[in-house]
Amino acid sequence: MAEFIKFDRITKFYGPLCVVENLDLSIAKGEFVSLLGPSGSGKTTLLMMLAGFEQATSGKILLDGAAINDLPTHKRDMGVVFQSYALFPHMTVGENIAFPLQMRGIDKAETAARVKQALDMVQLSALADRRPSQLSGGQQQRVALARALVFEPRVVLMDEPLGALDKQLREQMQLDIRDLHRRLGLTIVFVTHDQSEALTMSDRVAVFNKGKIEQIGTPREVYDEPATRFVAEFIGETNLVEGVVEAIDGREATVRLPNGAHIVSAVSDGVAAGQPVYLSIRPERIDLAEARGEARNVLETEVTDSVYQGDHLRVQLQNDAHPLIAKLGRRSREFAPGTKVFAAFSAGDCRVIAP
Ligand code: ADP
Ligand code: MG
């Protein structure tokens, strides 16, 4: 992968507090990378260092091969969008969008043409003469987006830009930003604590925990092949079942559960026979049946509760060792509490995770 942005062993202290620790991350030109993690995990701090609003305590940040640690913010050529829109209240929409162009000394005719284009892009042409206070939250956020893109920055940084919007608008804006990213070939670094937002929008997701990246990969990789317990639990919902690895055969491990049952599971490098581990089994990958069937992994369980949730049926199960959650398609039959069922899943739908 060609590196366009590179964080090279970046560490950041605030006083005695280490908030980003020895972090490496490379981002390719045209890539959409999300920094995903809980509040306080260091996402904003990393973005601020990239933008030039904060200094790294140690390590290097490279843009297109050149170190930018000492480059002032305005020379980094980055468009920035924050959760609070930070529009100028006394300026119209058009004037807000024109501002970065005026700062760069671009002439009037060119500015007018580019502002018009940016307004079209975010579908706000009809509102160019309004002031921010006369716009809805979503419209204001689109102005902020247009203002960040109008000078065709090398990189666009977004920090929870959709956090203040209601669900429907947020989901629409996610698709709009994704579409802009594709059309304009932008390089975007996007901070969010919302896992579904990160999965929806990104080429790759970097999962943050306590100032470190626990895992980076495509949405499919971080969801289907979580490398750690933290990633498995933070992204989506999962069943974690304790066990001990009995044998490893290539990419598969045989894991013995405390009640003696055996499960065959996908495994990553670095896991050894004899090791205590967790199995991560996604609830939507579990099938329930009253007969044992042919599946490789089958657990005998009893239904304790089942809840219809519109788009799926959520079934709570218990056996002699551990609880399980299964999410079944909405066409699934109901299961009454007390029903004995076999919970079945393939080896590929189950992951060994080191504790
Ligand atoms: P996130 O964006 O993932 O929620 P932040 O990068 O904002 O996390 O914060 C990481 C940690 O750094 C938090 O513990 C936060 O309190 C602390 N922090 C952030 N900014 C400052 C600051 N200017 N001074 C002191 N501590 C800060
Ligand atoms: Mg933040």
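Residues numbered from 1 in each chain as written. Chains lettered and ligands numbered in written order. Predicted model: local features only at pLDDT ≥ 70, side-chain atom pairs only at ≥ 80, totals over all residues. Heavy atoms only, no water.

With an unreviewed UniProt entry as reference, the protein is termed Spermidine/putrescine import ATP-binding protein PotA, source organism Shinella sumterensis. Looking at the protein in UniProt, the text filed under Sequence similarities (unreviewed entry) is "Belongs to the ABC transporter superfamily. Spermidine/putrescine importer (TC 3.A.1.11.1) family." Recorded under Subunit (unreviewed entry), the UniProt text for the protein is reproduced unchanged: "The complex is composed of two ATP-binding proteins (PotA), two transmembrane proteins (PotB and PotC) and a solute-binding protein (PotD)." (UniProt positions renumbered as here; feature names shortened; annotations may be inferred.)

A. Molecular detail of the packing of aromatic side chains. Here the structure, examined in full by the defined rule, presents three aromatic pairs. Taken together, a centroid distance of 5.5 Å and an interplanar angle of 10 degrees make the contact between F230 and F234 stacked. Of this pair, F230 and F234 both sit in helix α8 (residues 229-234), four residues apart, roughly one helical turn. Looking at F234, the relative accessible area reads 22%, which means it is partly exposed. The residue whose ring lies beneath R229 is Y278, and the NZ or CZ to ring-centre distance is 4.6 Å. Lying over the aromatic face of Y223, R282 brings its terminal NZ or CZ to 4.0 Å of the ring centre. (Phe/Tyr/Trp six-rings, centres within 6.5 Å; stacked < 30°, edge-to-face > 60°. Helix = DSSP H or I, 4+ residues; strand = E, 2+ residues; numbered from the N terminus. Buried < 20%, exposed > 50% of the residue type's maximum accessible area, 1.4 Å probe, protein only. Lys NZ or Arg CZ within 6 Å of the ring centre and 35° of its normal.)

B. Region of the structure containing the pattern of salt bridges. One pass over the full model with this rule turns up 22 salt bridges. Note that D120 is salt-bridged to K116, the shortest N-O span being 3.6 Å. Of the two residues, D120 and K116 both sit in helix α3 (residues 108-121), four residues apart, roughly one turn of that helix. Its relative accessible area of 40% is what places D120 among the partly exposed residues. Between E246 and R256 there is a salt bridge, with the nearest N and O atoms lying 2.7 Å from each other. Of the two residues, E246 is situated in strand β11 (residues 239-249) and R256 in strand β12 (residues 252-256); the sequence distance between them amounts to ten residues. (Salt bridge = Lys/Arg side-chain N within 4 Å of Asp/Glu carboxyl O.)

C. Helix α4 (residues 137-149), seen in detail. The terminal C-alpha atoms of α4 lie 19 Å apart, and with 13 residues this matches the ideal 18 Å at 1.5 Å per residue to within 8%. The buried fraction of α4 is high, at eleven of 13 residues. Within α4 the residues assigned to the buried category are G138, Q140, Q141, R142, V143, A144, L145, A146, R147, A148 and L149. Looking at the packing, one finds that the buried side of α4 touches β6 (78-82), α2 (93-103), α3, β7 (155-159) and α5 (167-184). (Expected span 1.5 Å × (residues − 1). Contact = heavy atoms within 4.5 Å.)

D. Expanded view of the environment of A321. Tracing the chain through its elements places A321 in the loop between β17 (312-318) and β18 (323-329). Look at A321 and you get partly exposed, because its relative accessible area is 35%.

E. Region of interest: the nonpolar core. Core analysis: the largest hydrophobic core is formed by 35 residues, its most contacted members being I97, L145, M158, I177 and I188. Where this core is concerned, the elements lending two or more residues are α2, α3, α4, β7, α5 and β8 (188-192). Ranked by residues supplied to this core, first place goes to α4 with six residues. Sequence-distant contacts of I97, that is, excluding residues within four places in its chain, are made with V115, A118, L119, V143, A146, R147 and V150. (Core = buried A, V, L, I, M, F, W, Y, C linked by side-chain atoms within 4.5 Å.)

F. Structural view of the site of ligand 1. In the neighbourhood of ligand 1, the contacting residues comprise Y14, L17, V19, P38, S39, G40, S41, G42, K43, T44 and T45. G40 is positioned with one of its backbone polar atoms (N or O) 2.7 Å from an oxygen atom of ligand 1. The contact in question runs from an oxygen atom of ligand 1 to an N or O atom on the side chain of K43, over 2.8 Å. If you list the elements that add at least two residues to the shell around ligand 1, you get β2 (17-27) and α1 (43-51). (Near = heavy atom within 4 Å. Polar contact = N/O pair within 3.5 Å; in protein donor to acceptor, adjacent residues only side chain to side chain.)

G. Molecular detail of the packing of α4 against α5. The contact between α4 and α5 brings their axes to 11 Å, and the two run at 15 degrees. Taken together, the axes of α4 and α5 are roughly parallel relative to one another. Handedness of the crossing formed by α4 with α5: right-handed. Residues G138, Q141, R142, L145 and L149 of α4 pack against L169, M173, I177 and L180 of α5. In terms of residue class, the contact of α4 with α5 is made up of six nonpolar, two polar and one charged. (Axes fitted to C-alpha atoms, helices over the stretch in contact; angles between N-to-C directions. Parallel < 35°, antiparallel > 145°, perpendicular 65-115°, else oblique. Left-handed = near helix turned anticlockwise from the far one by under 90°. Nonpolar A, V, L, I, M, F, W, Y, C, P; charged D, E, K, R; others polar.)

H. Up close: the sheet that holds strand β10 (residues 212-217). What the six strands build is an open sheet, ordered β6-β7-β8-β3-β9-β10; its pairing is mixed. The sheet terminates laterally at β6 and β10, the two strands that pair on one side only. Averaged over all pairs of adjacent strands, the angle between strand axes in this sheet comes to 15 degrees, irrespective of strand direction. Of the strand pairs in this sheet, strand β9 (residues 204-209) and β10 are connected by five bridges, and their pairing is antiparallel. In the sheet register, N209 faces β10, and the bridge partner there is K212. The sheet contacts of α4 involve β6 and β7, and relative to β6 the element is tilted by about 165 degrees. (Pairing = 2+ DSSP bridges.)

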